[in-house]
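An overview of the molecular structure
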Amino acid sequence: MAQALTEYKWLFSPLLLVIVLLVDGRSFYQGWSINRQARVAVGLCLSPDQMVASSAETVDKAWFRAVVATCNGETAVAQTAMQEALATSPHYIDLVHALVPEDNTLASFAADHYPAEPQALFWLGDLLAGQGDADSAIVAYEQGLVGDRRNGLIWVRLGHLYEDKGDWQTAVHAYDNGCYYVDRGKNGCPAAGRLYLAHEQYQLAIQRYQTSLIQLPDWTPAKRGLVEALLALGRTEEALPYLRDLAASGDTDAQQKLDAFQTTP
């Protein structure tokens, strides 16, 4: 067991070193004291058996104390130190999030301390959504989007929450924004197209599916949705190339539609 823990710390410590460098990289050039604390913090993680009380006491910067406590499995101490770090600057939000992404206490602390900081609000929103508290997650996401409207991924997450609540119009508005700001999963456009298609707004559905295929040309769900919308408007000739592509990739429904068109007088 002890050997396993030692191996785990050796794997974990390079990540912590990177995090320390990312957080206080500029400080390394600003003062010998901070530089020394960084070396002590990383050294304690790399060589915990050699740690002595006098060395530990020299680590007086909150983030470094959080790193050391995390290395030693001292969860409560690490959490307190991370709160102190967060209280000094929003610069620590992303780093604390990366280190303890599931810590609801720290996410709430960050959001309460920085109510206009999008990353804190998105972090909290993700945790609330995962806990099934959709209403609170919606509030957190919407507050965060005030400061970071271009975050397509969050718009799509917001759309899912509204869709689950049965509010398709607010959901499709969120998906439209996810489409416009090109969420990383390319989900906003086809999600908006799906809702427009379901509510017989075919021209809007066509536009969203076409945009989806610009973002991701071989995205099969977008091709299928586009075919449905085009056929619903009687635009068969425009649908045929997509049907042929789908059929060639093994889509049986597309092949059946093609066969029906070919046998129809």
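Structural notes, computed from the coordinates. (Residues numbered from 1 in each chain as written. Predicted model: local features only at pLDDT ≥ 70, side-chain atom pairs only at ≥ 80, totals over all residues. Heavy atoms only, no water.)

1. Some thoughts on the nonpolar core
In this structure, W63, M82, V96, W123 and L158 are the most contacted members of the largest nonpolar core, which totals 65 residues. Sequence-distant contacts of M82, defined by excluding residues within four places in its chain, comprise W63, A66, T70, V96, L99, V100 and L106. (Core = buried A, V, L, I, M, F, W, Y, C linked by side-chain atoms within 4.5 Å. Buried < 20%, exposed > 50% of the residue type's maximum accessible area, 1.4 Å probe, protein only. Contact = heavy atoms within 4.5 Å.)

2. Some remarks on the side chain of S212
Relative to the elements of secondary structure, S212 occurs in helix 13 (residues 202-215). Given a relative accessible area of 0%, S212 falls into the buried group. Those residues in contact with S212 that sit more than four places away from it in its chain are K186, C189, P190, W219 and A222. (Helix = DSSP H or I, 4+ residues; strand = E, 2+ residues; numbered from the N terminus.)

3. Overview of helix 5 (residues 75-88)
Here helix 5 spans 20 Å end to end across 14 residues, near enough to the 20 Å set by a 1.5 Å rise per residue. Among the residues making up helix 5, those that are buried are A78, A81, M82, A85 and L86. Down the axis of helix 5, the buried side of the element spans an arc of 145°, and every buried residue falls inside it. Packing partners of the buried residues in helix 5 comprise helix 4 (62-71), helix 6 (93-99) and helix 7 (104-113). (Expected span 1.5 Å × (residues − 1). Arc of directions from axis to C-beta.)

4. Regarding the packing of aromatic side chains
With the rule as written, the count across this model stands at two aromatic pairs. Aromatic pair W63 and Y92: ring centres 5.9 Å apart, planes at 40°, arrangement tilted. With W63 in helix 4 and Y92 in the loop between helix 5 and helix 6, this residue pair connects regions lying 29 residues apart in the sequence. The pair formed by W63 and Y92 is uniform in burial state, with each residue classed as buried. (Phe/Tyr/Trp six-rings, centres within 6.5 Å; stacked < 30°, edge-to-face > 60°.)

5. A word on the packing of helix 5 against helix 7
Contact geometry for helix 5 and helix 7: axes closest at 10 Å, N-to-C directions at 20°. The angle between helix 5 and helix 7 falls in the class roughly parallel. At the point where helix 5 passes helix 7, the crossing takes the right-handed sense. In this structure, helix 5 contributes Q79, M82, Q83, L86 and A87 to the contact, and helix 7 contributes T105, L106, F109, A110 and H113. Considering only residue class, the contact of helix 5 with helix 7 consists of six nonpolar, four polar and no charged. (Axes fitted to C-alpha atoms, helices over the stretch in contact; angles between N-to-C directions. Parallel < 35°, antiparallel > 145°, perpendicular 65-115°, else oblique. Left-handed = near helix turned anticlockwise from the far one by under 90°. Nonpolar A, V, L, I, M, F, W, Y, C, P; charged D, E, K, R; others polar.)

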